[in-house]
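Fold and geometry: a report
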There are 2 protein chains.
Amino acid sequence: MKQSEIDFKKVVGKQVKKLRLKAGMTQDVLSERCGIYRTYLSRVEAGSANPTLLVMIALATSLGVHVCELFHDFDDTANDLIATLTDRQRTQ
Amino acid sequence: MKQSEIDFKKVVGKQVKKLRLKAGMTQDVLSERCGIYRTYLSRVEAGSANPTLLVMIALATSLGVHVCELFHDFDDTANDLIATLTDRQRTQ
DNA sequence: TTGTGACTTCCAGTCCGTC
DNA sequence: CGACGGACTGGAAGTCACA
């Protein structure tokens, strides 16, 4: 697996954790609220899991935020990637 | 499966398709560029697939947009959901 | 060019534990 | 309360034929 992929999962995980703590919830409460398993939520927060679209939507709505919020922090990483790809497009 | 879940996948799929056409790519080109199979991309666009975080990031970067763009259109649906959940929090 | 059915493979997600 | 490990099952993801 590429390094960037690990980063993406880690960034999303950290964001989930941050928002969860901000909302004053335990993993137990949040996991129950959005219908996923607590141990799996733990993996998501740790950045070792690769959650699906529906899981992320469930997390976002249970946290009371828009899905975009989960991706908020890797703007820089993402923009770098986009720049690289745009570059590649231009030069080929 | 709940109706709302189908909607979410459909909305994301439509957004991918819209952005792909806007970039003037065929499914074949986009799928190759982000390393997923064309027929699977077709299912994602149709809203029948439930893509993972890494797939969506690959799609977004290959399309040259931020991941948030993929969720752009279901602001209303999402906000309704959040409102419902916030309500539930308040009343329990 | 794209959509879909059918099939396989492997990981997302569940459930049990321990520390 | 949360991290982590392992074993298991269903579904994400990969592949091809065909319309």
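Residues numbered from 1 in each chain as written. Chains lettered and ligands numbered in written order. Predicted model: local features only at pLDDT ≥ 70, side-chain atom pairs only at ≥ 80, totals over all residues. Heavy atoms only, no water.

**A closer look at the overall build of chain A**
- The number of helices and strands found in chain A is 5 helices and 0 strands.
- Ordering the α and β elements of chain A from the N terminus gives α-α-α-α-α.
- Within chain A, the proportion of its 92 residues that are buried is 46%.
- By element, 49% of the accessible surface of chain A is carried by carbon and sulfur atoms, the whole surface being about 4900 Å². (Helix = DSSP H or I, 4+ residues; strand = E, 2+ residues; numbered from the N terminus. Buried < 20%, exposed > 50% of the residue type's maximum accessible area, 1.4 Å probe, protein only. Areas by Shrake-Rupley, 256 points an atom, 1.4 Å probe, with all protein chains shown as cover.)

**Quick notes on the protein's contact with DNA strand C**
- Residues in contact with DNA strand C amount to 20 residues; listed here are only the nearest, Tyr40(A), Thr52(A), Gln27(B), Thr39(B) and Arg43(B).
- Near the protein, meaning within 4 Å, the atoms of DNA strand C are sugar or phosphate in a fraction of 57%, with bases accounting for the rest.
- Tyr40(A) places a polar side-chain atom, nitrogen or oxygen, 2.2 Å from a phosphate oxygen of DNA strand C.
- Within the side chain of Lys17(B), a nitrogen or oxygen atom sits 3.4 Å from a phosphate oxygen of DNA strand C.
- Where the surface near DNA strand C is concerned, the elements lending two or more residues are helix 3 (38-46) of chain A together with helix 1 (3-22), helix 2 (27-33) and helix 3 (38-46) of chain B.
- Looking at which element gives the most residues to the surface near DNA strand C, the answer is helix 3 of chain B, with 4 residues. (Near = heavy atom within 4 Å. Polar contact = N/O pair within 3.5 Å; in protein donor to acceptor, adjacent residues only side chain to side chain.)

**As for the protein's contact with DNA strand D**
- Around DNA strand D, 17 residues are found, and the nearest of them are Arg20(A), Gln27(A), Arg43(A), Tyr40(B) and Thr52(B).
- For DNA strand D, the fraction of atoms within 4 Å of the protein that belong to sugar or phosphate moieties is 62%.
- Between DNA strand D and the protein, one listed contact pairs a phosphate oxygen with a side-chain N or O atom of Tyr37(B) at 2.9 Å.
- In this structure, Asn50(B) approaches DNA strand D through a side-chain N or O atom, which is 3.2 Å from a phosphate oxygen.
- For the surface near DNA strand D, the element with the most residues is helix 3 of chain A, which contributes 4 residues.
- The residue inventory of the surface near DNA strand D, partitioned by class, reads 4 nonpolar, 8 polar and 5 charged. (Nonpolar A, V, L, I, M, F, W, Y, C, P; charged D, E, K, R; others polar.)

**Points about the packing of aromatic side chains**
- Going through the model one piece at a time under the given rule, you end up with 1 aromatic pair over all chains.
- Ring centres of Phe71(A) and Phe71(B) lie 5.5 Å apart, and the angle between their planes is 15°; this geometry places the pair in the stacked category. In this pair, Phe71(A) sits in the loop between helix 4 (53-62) and helix 5 (75-91) while Phe71(B) sits in the loop between helix 4 (53-63) and helix 5 (75-91), so the two residues belong to two different chains. Like Phe71(B), Phe71(A) is buried. (Phe/Tyr/Trp six-rings, centres within 6.5 Å; stacked < 30°, edge-to-face > 60°.)

Geometry only, nothing functional implied.
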